[in-house]
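# Structural description and commentary
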Amino acid sequence: MGRFCNHKLLLNCCNLLFLVCGTILIVAGFYLFTDTKRILLSRLLAATSENLNDLPQPLFYYISIGLAVAGLIAVLAAMMGFWASCLNTYCCLSFYFLTVVVLLLAESIVCLAITLWPHCLGISLDETKMVKALQGNYGVPGREQFTIAMDLAQAKFGCCGMNSDINYDTSLWKIQPYGPRDRVVPLTCCILDNPSDKKSHLDPKPANETMCQSLEKKDYTQFRFSSPCLSYLDNWYRQQYVIFLAASLIIAVVEFCVLLSITLACTKISTKKVQVQSFMELRPRIKLRQREDNVYEPEVELRLAEDSRGAVIHGVPSDISEDFKEVYIQPRDLYKNRYNTTFKPVSSDYSVPTTRSYLV
């Protein structure tokens, strides 16, 4: 019974950890959903994919919803685990086991896809493709999210263009009349007076707009960012998936612990059933032996026999002594007067009724 309680306690502890992980996933999903800057930057990650670039929302928007849904499923699975632990049946534990296995496999597939084959998800930071995406999407009507995301990256990282500031010279924003003709680069490429403003990418205020928009390199060097944004985007992307992989690894460890605890609980159920079955098979035999035993055996030998039979039942309490008392009848002691050699009746064997005399 002690081992069974230990296995049950282990299963409940693992369920509690799984419940905490699910709650953290829900909170992380809501946090990512409210982090508009992070979601906007994710638009640049999928700029080279036609399918993802045509989505109405950036990539991280859907990932935030996926995290919240995954956390909700984990919480429901953990609650089902507590229920299965209370019922302690093969059916409930097996269903809980399969649910955790499905979650673990889905998580493993996503992690492998992000780590080994990011192109399968449409995530590619190829320099040539990113430059073409910038030149074909920045400032174009209908691509406002890409434009704002690029302005955010330039204001946040202090960079200009994907691999150079000359990327804008051959862009649709410059060739077509989508932007002011006197601007060589967007205002977010200029060194700003309000870099600490959270909305500086929406309302940039250059320190010297005239010098920043100059065509001479010696004039705009001190007033325009010259670093390419692609390297910053690559580092930012690596930070995001490292955080994601670390969280996935922790959740995977918890899920493995849950699977192990479920396996131990199922093993304990099997062991308990075998013990009960063996006890039920041995009980009729023990009762039959009790009826066949000699009732004239000394009481000490009977107790020893009861103890030895009780040890055969693998720790299950037996009712041998109670059954024996039910069938045992104390015989008469026929030899209690064997030392009476006078052959005279013993007065104790005869009971003479006492009468009260009423004579005065």
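Residues numbered from 1 in each chain as written. Predicted model: local features only at pLDDT ≥ 70, side-chain atom pairs only at ≥ 80, totals over all residues. Heavy atoms only, no water.

## Considerations on the overall build of the chain
If you tally the helices and strands in the chain, you get 13 helices and zero strands. Counting every position in the chain, which comprises 360 residues, the buried fraction comes to 36%. Taking contacts inside the chain between residues at least 6 apart in sequence as the whole, the part at least 24 apart equals 69%. Looking at the chain as shown, the accessible area adds up to about 22900 Å², and 62% of this sits on carbon and sulfur atoms. (Helix = DSSP H or I, 4+ residues; strand = E, 2+ residues; numbered from the N terminus. Buried < 20%, exposed > 50% of the residue type's maximum accessible area, 1.4 Å probe, protein only. Contact = heavy atoms within 4.5 Å. Areas by Shrake-Rupley, 256 points an atom, 1.4 Å probe, with all protein chains shown as cover.)

## Here we look at the UniProt feature "transmembrane region" (unreviewed entry) in the chain
Listed under "transmembrane region" (unreviewed entry) in the UniProt record, and renumbered for this structure, are residues 9-33, 59-83, 95-117 and 241-265. Secondary structure within residues 59-83 divides into 100% helix and 0% strand; the distance between the first and last C-alpha atoms comes to 36 Å. Between the end C-alpha atoms of residues 241-265 the distance is 36 Å, and the span holds 100% helix and 0% strand. (UniProt positions renumbered as here; feature names shortened; annotations may be inferred.)

## Looking at helix α6 (residues 127-137)
Every buried residue of α6 is accounted for by Met130, Val131, Ala133, Leu134, Gln135 and Asn137. The opening residue of α6, the one whose side-chain oxygen lies 3.4 Å from the backbone nitrogen of Thr128, is Asp126. Immediately downstream of α6, the backbone of Gly139 shows phi near 75°, a positive value. (Polar contact = N/O pair within 3.5 Å; in protein donor to acceptor, adjacent residues only side chain to side chain.)

## A short note on the layout of surface pockets
When its volume is computed, the largest pocket comes out at roughly 1200 Å³. The wall of the largest pocket is formed by 36 residues, among which Leu25, Ile63, Leu67, Phe244 and Ser248 lie closest to the centre. Looking at the lining of the largest pocket, the elements with two or more residues in it are α1 (2-34), α2 (36-45), α4 (59-87), α5 (90-115) and α11 (229-292). Partitioned by chemical class, the residues of the lining of the largest pocket number 30 nonpolar, three polar and three charged. (1 Å grid on protein atoms, 1.4 Å probe; cavity = no way out; pocket = protein on both sides within 12 Å on 5 of 7 lines; lining within 4 Å. Points joined across faces, edges and corners; volume = space filled by probe spheres on them. Nonpolar A, V, L, I, M, F, W, Y, C, P; charged D, E, K, R; others polar.)

## A closer look at the state of the cysteines
Applying the stated rule across the entire model yields three disulfides. Disulfide pairing places Cys159 opposite Cys229 at an S-S distance of 1.9 Å. Between Cys159 and Cys229, the disulfide has an S-S torsion of 100° and is therefore right-handed. Within this pair, whereas Cys159 is found in the loop between α7 (144-157) and α8 (172-175), its partner Cys229 is found in helix α11, the two being separated by 70 residues in sequence. Taking the relative accessible area as the measure of exposure, Cys229 reaches 0% and is therefore buried. One disulfide in the model links Cys190 with Cys212; its S-S distance is 1.8 Å. Taking the sign of the torsion about the S-S bond as the criterion, the disulfide between Cys190 and Cys212, at about -90°, is left-handed. On the criterion of sequence distance, the pair formed by Cys190 in the loop between α8 and α9 (209-212) and Cys212 in helix α9 is long-range, its members being 22 residues apart. We note that Cys190, like Cys212, is buried. Of all cysteine sulfurs, the one in Cys257 lies closest to Cys14, which takes part in no disulfide; the gap is 5.2 Å. (Disulfide = S-S within 2.5 Å.)

## Side note on the side chain of Asn194
Mapped onto the elements, Asn194 comes out in the loop between α8 and α9. At 3.4 Å, the side chain of Asn194 forms a polar contact with the backbone nitrogen of Lys205.

## Here's the deal with the pattern of salt bridges
This model, assessed by the stated rule, comprises three salt bridges. Asp35 is the salt-bridge partner of Arg38, the closest N and O atoms lying 2.9 Å from each other. Asp35 gets classed as buried once you look at its relative accessible area, which sits at 17%. (Salt bridge = Lys/Arg side-chain N within 4 Å of Asp/Glu carboxyl O.)

## Points about the packing of α2 against α4
Packing of α2 against α4 brings their axes to within 6 Å, and their N-to-C directions diverge by 120°. The angle between α2 and α4 falls in the class oblique. Residue-level contacts link Arg38, Ile39, Ser42 and Leu45 of α2 to Leu59, Phe60 and Tyr61 of α4. When its residues are assigned to classes, the contact of α2 with α4 shows five nonpolar, one polar and one charged. (Axes fitted to C-alpha atoms, helices over the stretch in contact; angles between N-to-C directions. Parallel < 35°, antiparallel > 145°, perpendicular 65-115°, else oblique.)

## Some thoughts on the environment of Met211
Counting through the fold element by element, Met211 comes out in helix α9. The exposure class assigned to Met211 is partly exposed, which follows from its relative accessible area of 26%. Each C-alpha atom of the pair Met211 and Arg224 lies 8.3 Å from the other, and the pair is 13 residues apart in sequence.

## Details of α4
With 29 residues, α4 should cover 42 Å at 1.5 Å per step; its first-to-last C-alpha distance of 42 Å lies within 8% of that length. Backbone geometry just after α4 places Asn88 at a positive phi near 60°. (Expected span 1.5 Å × (residues − 1).)

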